[in-house]
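Take a look at the letters that make up each chain.
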Amino acid sequence: MADEFDVIVIGAGPAGENVADRAVRGGLTAAVVEERLAGGECSYWACVPSKALLRPIDLAAEVSRVPGLSLGEIDVAAVLARRDEAVSRYDDAGQVRWLEGVPAEFVRGRGRLDGPKRVRVTTEDGGERVLTARQAVVLATGSTAAMPPVPGLAEADPWTSHEVTAATEIPERLAVLGGGVVACEMAQAMHGLGARQTTVLVRGGGLLSRMEPFAGELLAESFAEAGIDVRTRTDVARIERPEPGGKVTVHLAEDPPLEADELLVATGRRPATRDLGLSSVGLADGDYVGVDDSMRATGIADGWLYAVGDVNGRALLTHMGKYQARICGDVIAARARGDELPAMRDLAGGYGAPQVVFTDPQVCAVGRTEAAAREEGFRVRAVDYDLGSVTGAYLLGDGYRGRARAVVDEDRKVLLGVTFAGPGAAELLHAATIAVTAEVPLERLWHAVPSFPTVSEVWLRLLEAYGL
């Protein structure tokens, strides 16, 4: 059976959903193909469930800092039940209804490119359906957990972000490979919910290595105080798990073996393109799909292929995938109508991408770090301020610790990047995102008066420290 649509989207995660929505708003017809659950990784195995698991840990830490308040033991069963509610108990009926209300046709099955503007779908019952696109095919298949080549690791059936966010029991002993966002968030969540022996093994010199160094240092201090063992510059030699579901032994290159009940691998992501049919259109299977600023795939004749979200490798963040998808859907519709294309800037690619790490302390950043800005040739000055010195931070609780950094382009007097680390700091980020992406001059930013007594007063303190 052959079906024709203006736009075919492979992948029904947040990015794929947004492409379809914007394309239909622009007057086109759309079909969305998804093998697993509509709503994608973020809704069921990443952003949503991880934050549902982290919120009690965050709240418990807040309560502990306020005199006159106390909190008993966390009810783990209740936390897991709320996580299940947050992910709709892994039922995507609501997401499917939303897509169909766009309206877009939802096609359940494994979609693969089958030559220009053709998508071959293997349906749930083993049948096949061939879809053809009049205007565009959009790849929105996301990414999957990368598995480092450690002997015995794959055979040990370790947890990835999928298994840890869907856990029904909390292991007593947890080993974590990695020091990035997933590793840090899930180490703290599992430890707070009952993994009394939690060990984080990091090959590099610290946590959150892609962010400002002080962010990882503050988080490492918090981990140490909570009893989470962070071991940096640690190489894993091999993994042993003789019995499925049994004890895991992590053999380290220079230290004694580490035993755990469960092993979480959080060492990065790879594009979900290994079985996507890229070779049928002249691209390399398994690679990221390179795109221009309109999200159109480069190197494809007639320009009919697009890629949004993690699959293009520009910024592996859900909100940035959705942003790219809005650009993409609008561009496809405009090209189909022969209209002038909407204005585009290279914000989908990275430097304007905001990110929050929902640990305690929270870490959030937008734009370039000081080191990245210098590497790119900017003449910069970094200004730091102690977040705990702001009155609003003191009022949030005793012992508040945090830090803020603004990276200033000395030639244009605008912000290239801002990083905050501290309890509740995530709520500061959108102001920073506006300042960085809109390139607000510092002299004008000085007139944006923060309310007292809020933590946002750090903006004034940063500008004063700069010399305004």
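About the cut-offs
Residues numbered from 1 in each chain as written. Predicted model: local features only at pLDDT ≥ 70, side-chain atom pairs only at ≥ 80, totals over all residues. Heavy atoms only, no water. Helix = DSSP H or I, 4+ residues; strand = E, 2+ residues; numbered from the N terminus. Pairing = 2+ DSSP bridges. Axes fitted to C-alpha atoms, helices over the stretch in contact; angles between N-to-C directions. Contact = heavy atoms within 4.5 Å. Core = buried A, V, L, I, M, F, W, Y, C linked by side-chain atoms within 4.5 Å. Buried < 20%, exposed > 50% of the residue type's maximum accessible area, 1.4 Å probe, protein only. Salt bridge = Lys/Arg side-chain N within 4 Å of Asp/Glu carboxyl O.

Honestly, unusual backbone geometry in this entry has me stumped. Any pointers?
For residues other than glycine, phi is negative in most cases, and the peptide bonds are mostly trans. That bond from D360 to P361 is cis: its omega, 5 degrees, falls within 30 degrees of zero. By the secondary structure assignment, P361 is in the loop between β16 (355-357) and β17 (362-367). Look at the link from F452 to P453: it is a cis peptide, with omega at 0 degrees. Position of P453 among the secondary structure elements: in the loop between α13 (442-445) and α14 (458-466). Of note, the phi angle at M295 is positive, near 75 degrees, even though the residue is not glycine. Note that M295 resides in the loop between β14 (269-271) and β15 (305-307). With a phi close to 60 degrees, K413 is a non-glycine residue in the positive phi region. Summarising the element assignment, K413 is placed in the loop between β19 (403-409) and β20 (414-422).

I would appreciate a short explanation of the sheet that holds β16 in the present structure.
For sheets, the rule is that strands pair by backbone hydrogen bonds, running either parallel or antiparallel. The five strands lie next to each other as β16-β17-β20-β19-β18, forming an open sheet whose pairing is antiparallel. Two strands in the sheet have a free side with no partner beyond their single neighbour: β16 and β18 (380-386). On average, adjacent strands in this sheet sit at an angle of 10 degrees to one another, irrespective of strand direction. Relative to β17, β16 runs antiparallel, the two sharing three bridges. When the sheet's bridge partners are listed, V357 is paired in β17 with V363. α14 rests against β18, β19 and β20 of the sheet, and its axis sits at about 130 degrees to β18.

Teacher, can you tell me more about the nonpolar core here?
Core analysis: the largest hydrophobic core is formed by 53 residues, its most contacted members being L113, L131, V137, V138, L139 and L305. Listed in part, the 36 residues of the second largest apolar core include M186, A189, V200 and L208.

Even after reading the chapter, I still don't get the pattern of salt bridges, so can you show me in this structure?
Pairing is possible between side chains that carry opposite charge, provided their charged atoms lie close to one another. As enumerated under the stated definition, the model contains 43 salt bridges in all. Linking E212 and R405 is a salt bridge whose minimum nitrogen-to-oxygen distance equals 2.9 Å. Within this pair, whereas E212 is found in the loop between β8 (197-201) and α8 (213-226), its partner R405 is found in strand β19, the two being separated by 193 residues in sequence. With a relative accessible area of 2%, E212 lands in the buried category. Of the residues examined, R405 reaches a relative accessible area of 11% and is grouped as buried.

Taken by themselves, the reported measurements are silent on function.
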